Amino acid sequence: MLKGIVIPIEWDENGCVTAVALSTHTEDSYVIERFGKGRDLFEYLQSEVAVNGVVRRVSGAKHLRVTDFRLTKAWD
């Protein structure tokens, strides 16, 4: 399980968010894959969440395929 804040990392030409990441309190960042529950995290920008999933490296970046998540309190 990882805990962090959902942050935008990419935008389209109209300013709409097209990609998000999970930023942890240790300043690690995980790109959220847009599959399954990962798509749901777009609704929770700037929210603190606890996330379960599978981490893998893609071109040196950490990617996270979310299987489940819940909203949390400040770094509980």
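About the thresholds
- Residues numbered from 1 in each chain as written.
- Predicted model: local features only at pLDDT ≥ 70, side-chain atom pairs only at ≥ 80, totals over all residues.
- Heavy atoms only, no water.
- Helix = DSSP H or I, 4+ residues; strand = E, 2+ residues; numbered from the N terminus.
- Contact = heavy atoms within 4.5 Å.
- Pairing = 2+ DSSP bridges.
- Axes fitted to C-alpha atoms, helices over the stretch in contact; angles between N-to-C directions.
- Buried < 20%, exposed > 50% of the residue type's maximum accessible area, 1.4 Å probe, protein only.
- Phe/Tyr/Trp six-rings, centres within 6.5 Å; stacked < 30°, edge-to-face > 60°.
- Lys NZ or Arg CZ within 6 Å of the ring centre and 35° of its normal.

S.K.: Would you mind going over the side chain of histidine 63 in detail, with residue names and values included?
M.R.: When you line up the elements, histidine 63 lands in strand E5 (residues 61-71). Aside from chain neighbours lying at most four places away, what touches histidine 63 is Val31, Glu33, Val54, Val55, Arg56 and Val58.

S.K.: So what's going on with the pairing of E5? Residues and values would help.
M.R.: Judged from the 2 bridges that link them, strand E3 (residues 29-32) and E5 form a sheet pairing that is parallel. Bridge pairing in E5 places valine 31 opposite histidine 63. With 10 bridges connecting them, strand E4 (residues 48-58) and E5 associate as antiparallel partners. Within the sheet, the bridge partner assigned to valine 55 lies in E5 and is leucine 64.

S.K.: So, the sheet that holds strand E2 (residues 17-23): which residues are in play, and what are the values?
M.R.: The sheet built from 5 strands closes into a barrel, its strands ordered E1-E2-E3-E5-E4 with mixed pairing. Each strand axis lies, on average, 45° off the axis of its neighbour in the sheet, ignoring direction.

S.K.: How would you explain the environment of valine 17 if you had to name every residue and give the values?
M.R.: Within the secondary structure layout, valine 17 lies in strand E2. The class for valine 17 is partly exposed, based on a relative accessible area of 25%. In contact with valine 17, not counting residues within four places along its chain, are Pro8, Glu10, Trp11, Phe42 and Leu45.

S.K.: Before we move on, could you go through the packing of aromatic side chains and cite the residues and values that matter?
M.R.: Applying the stated criterion to the full structure yields 1 aromatic pair. In this structure, lysine 62 is placed above the aromatic ring of tyrosine 30, and the distance from its NZ or CZ to the ring centre is 5.0 Å.

S.K.: Outline the environment of isoleucine 9, supporting the account with residue identities and numerical values.
M.R.: When you line up the elements, isoleucine 9 lands in strand E1 (residues 2-11). When its relative accessible area of 30% is taken as the criterion, isoleucine 9 is described as partly exposed. Sequence separation between isoleucine 9 and valine 31 is 22 residues, and the spatial gap between their C-alpha atoms is 8.4 Å. If sequence neighbours within four positions are ignored, isoleucine 9 has contacts with Ala19, Val20, Ala21 and Val31.

Any functional reading would require information that these geometric values do not contain.
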